[in-house]
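Coordinate analysis (summary)
For reference, the chains in residue letters:
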Protein chains: 2
Amino acid sequence: MKYSHKLSDGVHILAYVDIYQDADLSSGAIAASIEANPSLVRRLMAQLVKAGLLTSQPGAAAPALARPAAEISLLDVYQALEGNKELLHIDEKTNPQCIVGGNIQASLNVAYAQVQQAAEAQMAAISLQGIISDILQREAAKH
Amino acid sequence: MKYSHKLSDGVHILAYVDIYQDADLSSGAIAASIEANPSLVRRLMAQLVKAGLLTSQPGAAAPALARPAAEISLLDVYQALEGNKELLHIDEKTNPQCIVGGNIQASLNVAYAQVQQAAEAQMAAISLQGIISDILQREAAKH
DNA sequence: AATCCTGTTACAATAAATGTTGCAAGTTAC
DNA sequence: GTAACTTGCAACATTTATTGTAACAGGATT
């Protein structure tokens, strides 16, 4: 399959809404920045709204962060857009009559959960505010 | 795309080789345990051999772990089969003329590298021996 | 010599992602 | 109040990384 960049695009949307809050915040404008199409942006925004990270108004291009960027973590965005999607994936079709095939799924589930937890702890430690500040610093450094 | 279970299948192969070392270790026998096809198993085994985790002999069904299972980590297997594949993926096509689009790739690269490192540290802490022991314990608990 | 095996390649099929299109319904400006 | 925008949602097409399948040269075993 293709690799997902929902998380990247989701962060992009939230950062855009924060940085350009006094400019055009239509899905078309944001899509131009992501170089994606407005429909995808609206799909992602709908998920961010549902997860309580963003507010929006039907009919009006007026999205806003639902809470301060410092209180939104990368993990919040990940879970909003990817749900409980695991980073690593079990092979769910193994031969149950084999010692290995019959038990490895359970064993790997434990191991993968540990990896997932480590990754999520790190994602929780990264805030949207940190990313926005980094973006603005990089922009300032260009001039 | 499909989700990759190369890592799961790779661990499966290594565990199988260790547990069934006195039985049939042909790619067909291992494939039957994974419920995959022998060609896939041979492809994965070739990568494990190249990475120095497994030994094999052309023409003879005689694979063996290249070093003790306690000295093979989940990270070793991951890197053998997935190379340097990142768990999270940047959107590489953003508008460089936008403050967000022009800088977010670099910002997210840093953030994602931190997440990757946390996940890899956890993978490094999980040994093949640990997984094999867990498999054998689960099997024993069935009776 | 016959039969199995590995190692490798090329191509087909599958599945999860994004792209595209269309439209009902809300909002704003005039 | 109507024209021109917007969001929100759904259906379908396209893309692409994966696994599946088939074929075959060459080594190993009996």
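Residues numbered from 1 in each chain as written. Chains lettered and ligands numbered in written order. Predicted model: local features only at pLDDT ≥ 70, side-chain atom pairs only at ≥ 80, totals over all residues. Heavy atoms only, no water.

Looking at an unreviewed UniProt entry, one finds chain A named Rrf2 family transcriptional regulator and attributed to Lacticaseibacillus suilingensis.

Examining the packing of aromatic side chains
Applicable threshold: In this analysis, rings of Phe, Tyr and Trp, with Trp reduced to its six-membered ring, are considered paired at centre separations within 6.5 Å, and the interplanar angle assigns stacked below 30 degrees, edge-to-face beyond 60, and tilted for intermediate values.
One pass over the full model with this rule turns up two aromatic pairs over all chains. Relative to Tyr20 of chain A, the ring of Tyr16 of chain A lies with its centre 4.5 Å away and its plane at 35 degrees, an arrangement referred to as tilted.

Things to note about the interface of chain B and chain A
Bring the parts together and some accessible area is lost; that lost area is often taken as the interface size. The line we're drawing: Residue contacts follow a heavy-atom distance rule, with two residues in contact if any of their heavy atoms lie within 4.5 Å. The term buried area means the drop in 1.4 Å probe accessible area that two parts suffer when joined, counted for both and summed. Think of a polar contact as two N or O atoms within 3.5 Å of one another; within protein, one of them needs to be a possible hydrogen donor and the other a possible acceptor, and neighboring residues in sequence only count if both atoms come from side chains. Lys, Arg, Asp and Glu make up the charged group, whereas Ala, Val, Leu, Ile, Met, Phe, Trp, Tyr, Cys and Pro make up the nonpolar group; the residues left over, Gly among them, are polar.
Counting residues at the interface gives 57 residues for chain B and 57 residues for chain A. Summed over both partners, the interface of chain B with chain A buries about 5,000 Å², with 65% contributed by carbon and sulfur atoms. Taken together, the links from chain B to chain A amount to 18 residue pairs in polar contact (both at pLDDT 80 or more). Class assignment for the residues of the side of chain B that touches chain A results in 33 nonpolar, 14 polar and 10 charged.

Considering the protein's contact with DNA strand D
Defined as follows: One heavy atom within 4 Å of a molecule or strand is enough for the residue carrying it to be called near that molecule or strand. By the criteria applied, helices consist of DSSP H or I runs no shorter than four residues and strands consist of E runs no shorter than two, each listed in order from the N terminus.
Around DNA strand D lies a shell of 29 residues, among which Met1, Arg42 and Ser56 of chain A together with Asn37 and Ser39 of chain B are the nearest. Expressed as a percentage, the sugar and phosphate content of the atoms of DNA strand D within 4 Å of the protein is 65%. At 3.1 Å from a base nitrogen of DNA strand D is found a side-chain nitrogen or oxygen belonging to Ser39 of chain A. At 2.6 Å, a side-chain N or O of Ser56 of chain A approaches a phosphate oxygen of DNA strand D. Elements supplying a minimum of two residues to the surface near DNA strand D: α3 (38-50), β1 (54-57) and β2 (60-65) of chain A together with α3 (38-50) of chain B.

Overview of the relation of the copies chain B and chain A
Threshold: The copies were overlaid with a least-squares fit restricted to C-alpha atoms from residues scoring a pLDDT of at least 70 in each copy.
Between the two copies, chain B and chain A, the superposition gives an RMSD of 0.1 Å; the rotation angle is 180 degrees and the shift along the axis is 0.0 Å. Considering both components of the superposition, the chain copies are consistent with a two-fold axis. Distance from the rotation axis, computed per C-alpha, reaches its smallest value in chain B at Met1 of chain B: 0.9 Å. A share of 100% of the interface residues of chain B reappears at the interface of chain A, consistent with the copies meeting face to face through the same patch.

Overview of a nonpolar patch on the surface
Rules: For patch detection, residues must exceed 30% relative accessible area and be free of salt bridges, and they are connected within 9 Å for like charges or within 5 Å for nonpolar side chains (Val, Leu, Ile, Met, Phe, Trp, Tyr). For the area figures, the Shrake-Rupley method with a 1.4 Å probe applies, and any residue is considered shielded solely by the protein chains shown. Here, a salt bridge means any Lys or Arg side-chain nitrogen found within 4 Å of an Asp or Glu carboxyl oxygen. To sort residues, take the accessible area from a 1.4 Å probe on protein chains only and compare it with the maximum for the residue type: under 20% means buried, over 50% means exposed, and anything in between is partly exposed.
Taken together, the side chains of Met1 and Tyr3 of chain A together with Met1 and Tyr3 of chain B make up a nonpolar region of the molecular surface, amounting to roughly 380 Å² of accessible area. Take Tyr3 of chain B: it is sitting in the segment before α1 (6-19). On the basis of relative accessibility, which here comes to 41%, the residue Tyr3 of chain B falls in the partly exposed class.

With respect to the protein's contact with DNA strand C
Contacts to DNA strand C come from 30 residues, most closely from Asn37 of chain A together with Met1, Ser27, Arg42 and Ser56 of chain B. The sugar-phosphate backbone supplies 65% of the atoms of DNA strand C found within 4 Å of the protein. One nitrogen or oxygen atom from the main chain of Gly59 of chain A is found 3.2 Å from a base nitrogen belonging to DNA strand C. Of all the secondary-structure elements, those providing two or more residues to the surface near DNA strand C are α3 of chain A together with α3, β1 (54-57) and β2 (60-65) of chain B. Each residue belonging to the surface near DNA strand C can be placed in one class, and the counts come to 12 nonpolar, 11 polar and seven charged.

Brief notes about the pattern of salt bridges
Residues and elements named next belong to chain A. The final tally for this structure, using the stated rule, is six salt bridges over all chains. Of the charged contacts, one joins Lys85 and Glu82 as a salt bridge, the two residues approaching to 3.5 Å between their closest N and O atoms. Take Glu82: its relative accessible area is 12%, and that puts it in the buried class. Close ionic contact of Arg138 with Asp134 constitutes a salt bridge, the shortest N to O distance being 2.8 Å. Here Arg138 and its partner Asp134 are both found in helix α6 (residues 128-141), four residues apart, which amounts to about one turn of the helix.

A short note on the environment of Ile99 of chain A
Looking at the secondary structure, you find Ile99 of chain A in helix α5 (residues 99-124). Setting aside residues up to four positions removed in sequence, Ile99 of chain A forms contacts with Tyr20, Ile135, Leu136 and Glu139 of chain B.

Points about the layout of surface pockets
Inclusion rule: Only protein atoms enter the 1 Å grid, on which a cavity is a set of points fitting a 1.4 Å probe that cannot get out and a pocket is an open set with protein on both sides within 12 Å along at least 5 of 7 lines, lining residues being those with an atom within 4 Å of a point. Grid points are joined across faces, edges and corners, and a volume is the space filled by probe spheres set on the points.
The computed volume of the largest pocket comes to approximately 640 Å³. What lines the largest pocket is a set of 26 residues, and nearest its centre among them are Tyr3, Ser4, His5, Lys6 and Asp9 of chain A. Counting only elements with at least two residues in the lining of the largest pocket, the list comes to α1 (6-19) and α3 of chain A together with α5 (104-124) of chain B. For the lining of the largest pocket, the element with the most residues is α3 of chain A, which contributes four residues. Considering only residue class, the lining of the largest pocket consists of 10 nonpolar, five polar and 11 charged. Roughly 350 Å³ of volume is contained in the second largest pocket. Lining the second largest pocket are 14 residues, and of these Lys2, Tyr3, Ser4, His5 and Lys6 of chain B lie nearest its centre. Those elements giving two or more residues to the lining of the second largest pocket turn out to be α1 and α3 of chain B. If one sorts the elements of the lining of the second largest pocket by residue count, α3 of chain B sits on top with four residues.

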